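# Structure assessment
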Amino acid sequence: PGRVPVLEWIVSRPEAEARRLLAQVADWERAHAAQARAATGADALLRNLRRCGHELGILTRNRRDLALLTLASCGLGAHFDPAEVLGREEAEPKPSPAGVRALLDRWQAHPEQAVMVGDYLHDMAAGRAAGVATVLVAANRPVGWPVDLLVAGLDELALRLRPAREQT
C-alpha cells in the first residue's frame, strides 16, 4: 500500500500470510531469473574490473539462490564469488546499508574504496548510508536521489572508469 516497499509490507503481515506471500515473490523471482539476460557491456565491464584486481559483490533484495540463478542465466556467474552475493536472507534488504557494510568487512575495505552501482533508489540509499560513492545506471537522475554519478549504461560506466591515458 502507498509507498511501502513490497518486502517491508510482506513482513508486516501475520506470519502465515507473510510466508505465503514470500513464496509467491520467490516464484515470481525464479521465473524472471530464468529469463534474465545481461545488460549491454556487463561482461566486458566485470571482466575489466576483475582484471584490475577489484572485488565484486552483489547486494539484492531478491533471494540469494535466485540471484545466483540470474547470474547463471546471464552468463555472468563466473565474475562473482557466490559468498559475495548477498540476498535478503543474508543481509537486511536495501535501503539498509548492512549488506554494503558486510561486503566491505569481507574485503577489509573502507567506504571510500568502494562504489555502489545500481538502478534504483534503494541502491543509492544503501550506498550513501554506508558511505560509499553511488553510480546510478538510468536515463535520468530522479530529483532527491543520492547519486554521485549518472550513466546511461554499463558501456558508459566502463568508459568513465578507464584511466585518462587510455581515453585519448
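Bear in mind that the values here come from a model prediction, so they are computed numbers and not experimental data.

Criteria and cut-off values
- Residues numbered from 1 in each chain as written.
- Predicted model: local features only at pLDDT ≥ 70, side-chain atom pairs only at ≥ 80, totals over all residues.
- Heavy atoms only, no water.
- Phe/Tyr/Trp six-rings, centres within 6.5 Å; stacked < 30°, edge-to-face > 60°.
- Helix = DSSP H or I, 4+ residues; strand = E, 2+ residues; numbered from the N terminus.
- Axes fitted to C-alpha atoms, helices over the stretch in contact; angles between N-to-C directions.
- Parallel < 35°, antiparallel > 145°, perpendicular 65-115°, else oblique.
- Left-handed = near helix turned anticlockwise from the far one by under 90°.
- Contact = heavy atoms within 4.5 Å.
- Nonpolar A, V, L, I, M, F, W, Y, C, P; charged D, E, K, R; others polar.
- Core = buried A, V, L, I, M, F, W, Y, C linked by side-chain atoms within 4.5 Å.
- Buried < 20%, exposed > 50% of the residue type's maximum accessible area, 1.4 Å probe, protein only.
- Pairing = 2+ DSSP bridges.
- Right-handed = clockwise from strand over helix to strand, strands pointing away.

## Side note on the packing of aromatic side chains
Taken as a whole and assessed by the stated rule, the structure comprises one aromatic pair. Between Tyr120 and Trp145, the aromatic rings sit 5.7 Å apart at their centres with planes inclined by 80°, giving edge-to-face as the arrangement. Residue Tyr120 is found in the loop between strand 3 (115-118) and helix 6 (121-130), and its partner Trp145 is found in the loop between strand 4 (133-137) and strand 5 (149-151); the two are separated by 25 residues along the sequence.

## A short note on the packing of helix 3 (residues 42-51) against helix 7 (residues 154-161)
How two helices sit against one another is set out by the angle between their axes and by the gap between those axes. Contact geometry of helix 3 with helix 7 gives a least axis separation of 8 Å together with a crossing angle of 30°. With respect to helix 7, the element helix 3 is oriented roughly parallel. Where helix 3 crosses over helix 7, the handedness of that crossing is left-handed. Listed contacts from helix 7 to Ala42, Leu45 and Leu49 of helix 3 are Leu154, Leu157, Ala158 and Leu161. By residue class, the composition of the contact of helix 3 with helix 7 is seven nonpolar, no polar and no charged.

## What about the nonpolar core?
Counting residues in each nonpolar core, the largest one holds 16 residues, and the members touching the most others are Leu76, Phe80 and Leu157. For this core, the elements supplying multiple residues, two or more each, are helix 3, helix 4 (64-74) and helix 7. In terms of residue count, the dominant contributor to this core is helix 3 (four residues). Apart from residues no more than four positions distant in its own chain, Leu157 is found in contact with Leu45, Val117, Val135, Leu149 and Val151. Ranked by size, the runner-up nonpolar core spans twelve residues in total, among them Leu59, Leu86, Ala114 and Met116.

## A closer look at the pairing of strand 4
Relative to strand 4, strand 3 runs parallel, the two sharing four bridges. If you follow Met116 over to strand 4, its bridge partner there is Thr134. One crossover worth recording links strand 3 to the parallel strand 4 by way of helix 6, and it is right-handed.

## Description of the packing of helix 2 (residues 15-35) against helix 4
Running from N to C, helix 2 and helix 4 cross one another at 15°; their axes reach a closest spacing of 8 Å. It follows that helix 2 is roughly parallel to helix 4 by the angle criterion. Helix 2 and helix 4 meet at a crossing whose hand is left-handed. Contact with helix 2, carried on its side by Ala26, Glu29, Arg30, Ala33 and Ala34, involves Leu66, Leu69, Thr70 and Ser73 of helix 4 and no other residues of that element. Considering only residue class, the contact of helix 2 with helix 4 consists of five nonpolar, two polar and two charged.

## Topic: unusual backbone geometry
The omega angle of the peptide bond from Lys94 to Pro95 is 20°, so this bond is cis rather than trans. With respect to the helices and strands, Pro95 occurs in the loop between strand 2 (85-86) and helix 5 (98-107). Even without glycine at this site, Gln108 takes up a positive phi of about 55°.

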